[in-house]
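# Descriptive analysis of the structure
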Amino acid sequence: IMDEVYTHFDGNQNKLIEQDELKLILQVPVNFLDHIELYKNLNKQEFSEIFEHYDRDRDGYLEGEELLEIVSDMMRKVEIDLTMEQLENLVEKVVNVIDTNFDGKVSKRELSDLFFTSGQISPFHEPEPSGSDT
């Protein structure tokens, strides 16, 4: 029976059922953000872990399915259920707000603007140079 399980669910054929593969078996959505307090002061390492978790292709940007997943997890974290259409519309709005260079992707720095909007300074922004008179 285990050979059948591996055949159907072991996508990378490494004879291990990993978290993403297990989600398919159990049909239970796993929310990476469940173990993170979003409204506390995240440090740079915690934020980097969040970004790296959702950056599945490791290209340094969140786009497409990666954005759908993180926004979906954020909504589920605050117990808001959205239809796929509502989620796609929300992702589009989020990208329109935080994609400052308009490339259709969200960089780590751009995502930090979403996570650090409550007066907390993002660890990915350089401080303003001192001594400037404006």
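Structure report, in brief. (Residues numbered from 1 in each chain as written. Predicted model: local features only at pLDDT ≥ 70, side-chain atom pairs only at ≥ 80, totals over all residues. Heavy atoms only, no water.)

Turning next to the overall build of the chain. Counting its regular elements, the chain contains 6 helices and 2 strands. Scanning the chain from its N terminus toward the C terminus, one meets helices and strands in the order α-α-α-β-α-α-β-α. Burial statistics for the chain: of 134 residues in total, 31% are counted as buried. Taking contacts inside the chain between residues at least 6 apart in sequence as the whole, the part at least 24 apart equals 42%. On the chain, roughly 9300 Å² of surface is accessible, and the fraction owed to carbon and sulfur atoms is 53%. (Helix = DSSP H or I, 4+ residues; strand = E, 2+ residues; numbered from the N terminus. Buried < 20%, exposed > 50% of the residue type's maximum accessible area, 1.4 Å probe, protein only. Contact = heavy atoms within 4.5 Å. Areas by Shrake-Rupley, 256 points an atom, 1.4 Å probe, with all protein chains shown as cover.)

Time to look at the nonpolar core. Formed by 24 residues in total, the largest nonpolar core has its most connected members in Ile50, Leu62, Ile70, Leu111 and Phe115. The set of elements that each furnish at least two residues to this core consists of α3 (44–54), α4 (65–77), α5 (84–98) and α6 (108–115). With 6 residues, α4 is the single largest residue contributor to this core. (Core = buried A, V, L, I, M, F, W, Y, C linked by side-chain atoms within 4.5 Å.)

So, on to the side chain of Asp99. Note that Asp99 resides in the loop between α5 and β2 (106–107). For Asp99, which is buried and forms no salt bridge, the nearest opposite charge comes from Lys105, at a distance of 8.9 Å. One polar contact links the side chain of Asp99 to the main-chain amide nitrogen of Asp103, over a distance of 3.1 Å. Not counting chain neighbours up to four residues away, the residues in contact with Asp99 comprise Gly104, Lys105 and Glu110. (Lys, Arg positive; Asp, Glu negative; His and termini not counted. Salt bridge = Lys/Arg side-chain N within 4 Å of Asp/Glu carboxyl O. Polar contact = N/O pair within 3.5 Å; in protein donor to acceptor, adjacent residues only side chain to side chain.)

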